[in-house]
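An overview of the molecular structure
As a plain string of letters, each chain reads:
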Amino acid sequence: MNEAACESCGGAPRGNATKKTSAIDSIAKLYKTPLPSTRTGPLYNAFSYPTKISPEAIAVYIAAHTEPGATVLDAFGGSGTTGIAALLCDRPTPEMMRIADSLGVQPRWGPRHAHLFEIGVLGSFVSETLCHPPEPEAFARAVDELCRQGQEMLGWLYEAKDEMGRTGVLRHAIWSDVLVCPHCKAEVSLWDASVKTKPLAMADSFCCKGCRKQVAVETCERATEVAVDAFGRQQISKKRVLARIHGRSGSTKWQRPPTEDDYELLARITETKPTKSAPYADIQWGELRRAGYHLGIDKLHHFYTMRNFIAMAALLELASAFPPDVRDALRLLILSYNASHSTLMTRVVLKKEQSDFVLTGSQSGVLYISGLPVEKNILEGVRRKSKAFIDSFRMLHGSRSRVVVHNTSSESMPLLAHSVDYVFTDPPFGDYIPYAELNQINELWLGRTTDRSREVIVSPSQSKGVAEYGAMMGAVFKEVARVLKPEGVATVVFHSAHSEVWRALVQAYTTAGFAVEATSVLDKIQASFKQVVSTVSVKGDPLLLLSKRQVDHSKAQSSAKIAADVIRAAQNGAKLDPQRLYSQFVGMCLELGRSVDMDAKTFYALAQAETLPTTLGAAL
């Protein structure tokens, strides 16, 4: 059979097969060095999204794996970073040049075509808006006008006087839970009971003014009350009181305890109704509800102070009246500030050698509300946030690349077979983050929430275990295999501390006909909150290069031998980092065709054992 006949029956001509093998071998060299992914810059900071990867890092991979004009697919689009990366391939930044140089690659810059599939309503909205940016200067003018209208309509909400009586602006207010003494039932705010100054500290116990006994904070119940919410309905909730006011008069910043003026303003706010477009919407709880700090939070507006719910509703209504070319970008700007900084999930933290609390946003990947929630000035916050958007649009606007966002499941893609050159995707990590549950805080403002029945996740509340998760992943990889060209490859970023989740992933891609060509690690310069505080975490997400080529794994080592080799190699080099080593261990297992049958906890115990050689010898 000649080469043409071979091609017609679905095979590849011998010459193309040789070229394909050479190209894969060349690309495999790219995976010898971790891919750096910083968490800074306007493109990363414009919109906060869990497990987000730097689009500039992805752009380097796209341009290294493909030629200009190629079609790129992301089967789990998230907030659109692969689409943004495709736009950047035509407009490379200095950071992209630096990354390429550090990896020793010579990308082929130029326009690409990208298809993003994202089941989430919020992720699709973010992707569609950022990947089709408005003209930057027109957007900047729209922001100025939005802020002018917002200040005119809502400025009174954030008025505050300093201790000299001069009218200024509220920067933020710290609220406090109220503790109930277990002995005499006297109430005291967490702030008064715990916060100490000079030096700043949080005490674990306090002397109750009611019974004069020393009381541990952790033994106290939180006080509750029946309050009237933003829609005039009575609701049992945690009792919170104003603890500290931070303001600004002119260029002078100040802070003080609350005064009668503050309480009078709160009373005025309580009498104010939110705009007619304000959503009266149920929170659909799943894995993230906690009986303690989520008491009384059943509706969207329960996540806000009255002041900030009124401000959010009014700003979004104002944005909806702008022309179509900037409308969604303005709405996205407001939502970008919303979940991270506008709700009761905003907080202060205590850091060593700091003279005051550090103001920060919500914790990524959870819906945590601290005992000292913070109420920020949304008008000022949106204005500050706009700079990242304007700078991002200046980087992206005018790119010749094209991005199509599909708000649908990637289990069935409306794409032609063998139409995709390259895949870069970051699938959901089992039960790691319940995206739909998290994202509803923003989606409810958009008027539509994600269909959780199609969410690829391990979720007891959705009756989805590892088996169901694996089956859905398998359907996605089957579709990826269908649309990917025979010579195409896929880069998959994945993270899990659980061996059964890894096995589900392996089953999904091997059943679809993929094999691992090479592995690396996505080197996140700043770990996410969950990776920092999880009991068992993996620092640096394993990164897999998949192809449809048959790979010989007949001489593969056992997983225990692989673990031993990875740990011993690290002992001969830099400081031992069990979290990063587990990522390397997983990658090596998959590259050698071995099952990942050791979870992170077991691996860490092996790596950190004091009698390491003996332990390894027993394992082998």
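Nothing here was measured: the structure is a model prediction, and the numbers come from that model.

Thresholds, definitions, all that
Residues numbered from 1 in each chain as written. Predicted model: local features only at pLDDT ≥ 70, side-chain atom pairs only at ≥ 80, totals over all residues. Heavy atoms only, no water. Disulfide = S-S within 2.5 Å. Helix = DSSP H or I, 4+ residues; strand = E, 2+ residues; numbered from the N terminus. Buried < 20%, exposed > 50% of the residue type's maximum accessible area, 1.4 Å probe, protein only. Contact = heavy atoms within 4.5 Å. Axes fitted to C-alpha atoms, helices over the stretch in contact; angles between N-to-C directions. Parallel < 35°, antiparallel > 145°, perpendicular 65-115°, else oblique. Left-handed = near helix turned anticlockwise from the far one by under 90°. Nonpolar A, V, L, I, M, F, W, Y, C, P; charged D, E, K, R; others polar. Core = buried A, V, L, I, M, F, W, Y, C linked by side-chain atoms within 4.5 Å. Arc of directions from axis to C-beta. Pairing = 2+ DSSP bridges. Patch = residues over 30% accessible without salt bridge, like charges linked within 9 Å, V, L, I, M, F, W, Y side chains within 5 Å. Areas by Shrake-Rupley, 256 points an atom, 1.4 Å probe, with all protein chains shown as cover. Salt bridge = Lys/Arg side-chain N within 4 Å of Asp/Glu carboxyl O. Phe/Tyr/Trp six-rings, centres within 6.5 Å; stacked < 30°, edge-to-face > 60°.

1. A word on the state of the cysteines
Put plainly, a disulfide is one covalent bond tying together the sulfur atoms of two cysteines. The full count for this structure, using the stated rule, is 0 disulfides. For Cys211, which is in no disulfide, the shortest distance to another cysteine sulfur is to Cys208 and amounts to 3.8 Å.

2. A short note on the environment of Asn407
With respect to the element layout, Asn407 can be found in the loop between strand 19 (402-406) and strand 20 (420-425). You can call Asn407 partly exposed: its relative accessible area is 33%. Counting along the chain gives 289 residues from Asn407 to Glu118, while the straight-line C-alpha distance between them is 5.2 Å. The residues touching Asn407, leaving out its near neighbours within four places in the chain, are Glu118, Ile119, Gly120, Val121, Ser124 and Arg448.

3. With respect to the packing of helix 12 (residues 324-342) against helix 13 (residues 378-396)
Between helix 12 and helix 13, whose axes approach to 9 Å, the crossing angle comes to 125°. Overall, the two elements helix 12 and helix 13 adopt an arrangement that is oblique. The interaxial crossing formed by helix 12 with helix 13 has right-handed handedness. Counting all contacts with helix 12, which are made through Ala329, Leu332, Leu333, Ile334, Ser336, Tyr337 and Ser342, the residues of helix 13 involved are Ile378, Gly381, Val382, Arg384, Lys385, Ser386, Phe389 and Phe393. For the contact of helix 12 with helix 13, the per-class residue count stands at 9 nonpolar, 4 polar and 2 charged.

4. Side note on the nonpolar core
General note: in soluble globular proteins, nonpolar side chains tend to be found buried as a group. Counting residues in hydrophobic clusters, the biggest one holds 171 residues, and the most contacted among them are Phe303, Phe477, Tyr509, Phe585 and Phe603. Top contributing element to this core by residue count: helix 11 (residues 306-319), with 11 residues. With residues up to four places along the chain from it excluded, the contact list for Phe477 reads Val492, Leu505, Ala508, Tyr509, Ala512, Phe514 and Leu546. Judged by nonpolar contacts, the second largest core, of 18 residues, contains Cys181, Cys208, Cys220 and Ala243.

5. With respect to helix 10 (residues 260-270)
Those residues of helix 10 that fall on the buried side of the exposure criterion are Asp262, Leu265, Leu266 and Ile269. Along helix 10, the residues classed as buried sweep out an arc of 100° about the axis, all on the same side. Facing away from the buried side of helix 10 by more than 90 degrees, the exposed set consists of Glu260 and Glu264. Those residues of helix 10 that are buried lie in contact with strand 4 (159-161), strand 5 (167-180), strand 14 (240-249), strand 15 (252-256) and helix 11.

6. Observations regarding the side chain of Asn308
Its place among the elements puts Asn308 in helix 11. On the accessibility criterion, Asn308 (1% relative accessible area) is buried. Beyond its immediate stretch of four places on either side in the chain, Asn308 contacts Tyr158, Ser342, Glu375, Lys376 and Ile378.

7. A few points about the pairing of strand 23 (residues 541-547)
Among the 7 residues that make up strand 23, 7 are buried, leaving the element largely enclosed by the rest of the structure. On strand 23, burial covers both faces: Asp541, Leu543, Leu545 and Ser547 on one face and Pro542, Leu544 and Leu546 on the other are all buried. Bridge count between strand 21 (residues 484-493) and strand 23: 5 bridges; the pairing is antiparallel. From the neighbouring strand, Thr491 faces strand 23, where its bridge partner is Leu545.

8. Quick notes on the packing of helix 8 (residues 136-154) against helix 13
One way to put it is that helix 8 packs onto helix 13 with a least axis distance of 10 Å and a crossing angle of 175°. One way to sum up the angle between helix 8 and helix 13 is to call them roughly antiparallel. For the pair formed by helix 8 and helix 13, the contact residues are Pro136, Glu137, Phe139, Ala140, Val143, Asp144, Cys147, Gly150, Gln151 and Leu154 on the first element and Leu379, Arg383, Ser386, Phe389, Ile390, Phe393 and Arg394 on the second. Grouping the amino acids of the contact of helix 8 with helix 13 by side-chain chemistry returns 10 nonpolar, 3 polar and 4 charged.

9. Some words on a nonpolar patch on the surface
Side chains of Val226, Ile236 and Leu295 sit close together on the surface and give an oily, nonpolar patch of about 260 Å² of accessible area. You can see Val226 is positioned in strand 12 (residues 224-228).

10. Some points on helix 6 (residues 94-103)
For helix 6, every residue scored as buried is listed here: Met96, Ile99, Ala100 and Leu103. One side of helix 6 carries all its buried residues, which in axial view fall inside an arc of 100°. Residues of helix 6 that are exposed and angled more than 90 degrees away from the buried face: Pro94 and Asp101. Contact partners of the buried residues in helix 6: strand 1 (35-37), helix 4 (55-65) and helix 5 (81-89).

11. Things to note about unusual backbone geometry
A cis amide bond, omega 0°, links Lys198 with the succeeding residue Pro199. Relative to the assigned elements, Pro199 resides in the loop between strand 7 (195-196) and strand 8 (201-202). With phi around 55°, Lys198 is a residue other than glycine that occupies positive phi space. Within the fold, Lys198 resides in the loop between strand 7 and strand 8.

12. Notes on the environment of Glu468
With respect to the element layout, Glu468 can be found in helix 15 (residues 466-483). For the pair Glu468 and Ile457, spaced 11 residues apart in the sequence, the C-alpha separation amounts to 8.3 Å.

13. Describing the pairing of strand 21
A large share of strand 21 lies buried, amounting to 7 of its 10 residues. Examined bridge by bridge, strand 20 and strand 21 share 5 bridges and lie parallel to one another. Following the sheet pairing, Tyr422 is matched in strand 21 by Val489.

14. Some thoughts on the packing of aromatic side chains
Per the stated rule, a full pass over the model turns up 20 aromatic pairs. Ring centres 5.7 Å apart and planes at 45° place the aromatic pair Trp191 and Phe357 in the tilted group. With a gap of 166 residues between them, Trp191 in helix 9 (residues 190-194) and Phe357 in the loop between strand 16 (347-349) and strand 17 (358-360) connect regions that are remote in the sequence. Take Trp191 and Phe357: they sit in the same class, and that class is buried. Plain terms: the ring middles of Phe429 and Tyr432 are 5.8 Å apart, the flat faces sit at 40° to each other, and that makes the pair tilted. According to the relative accessible area criterion, Phe429 is buried, its value standing at 6%.

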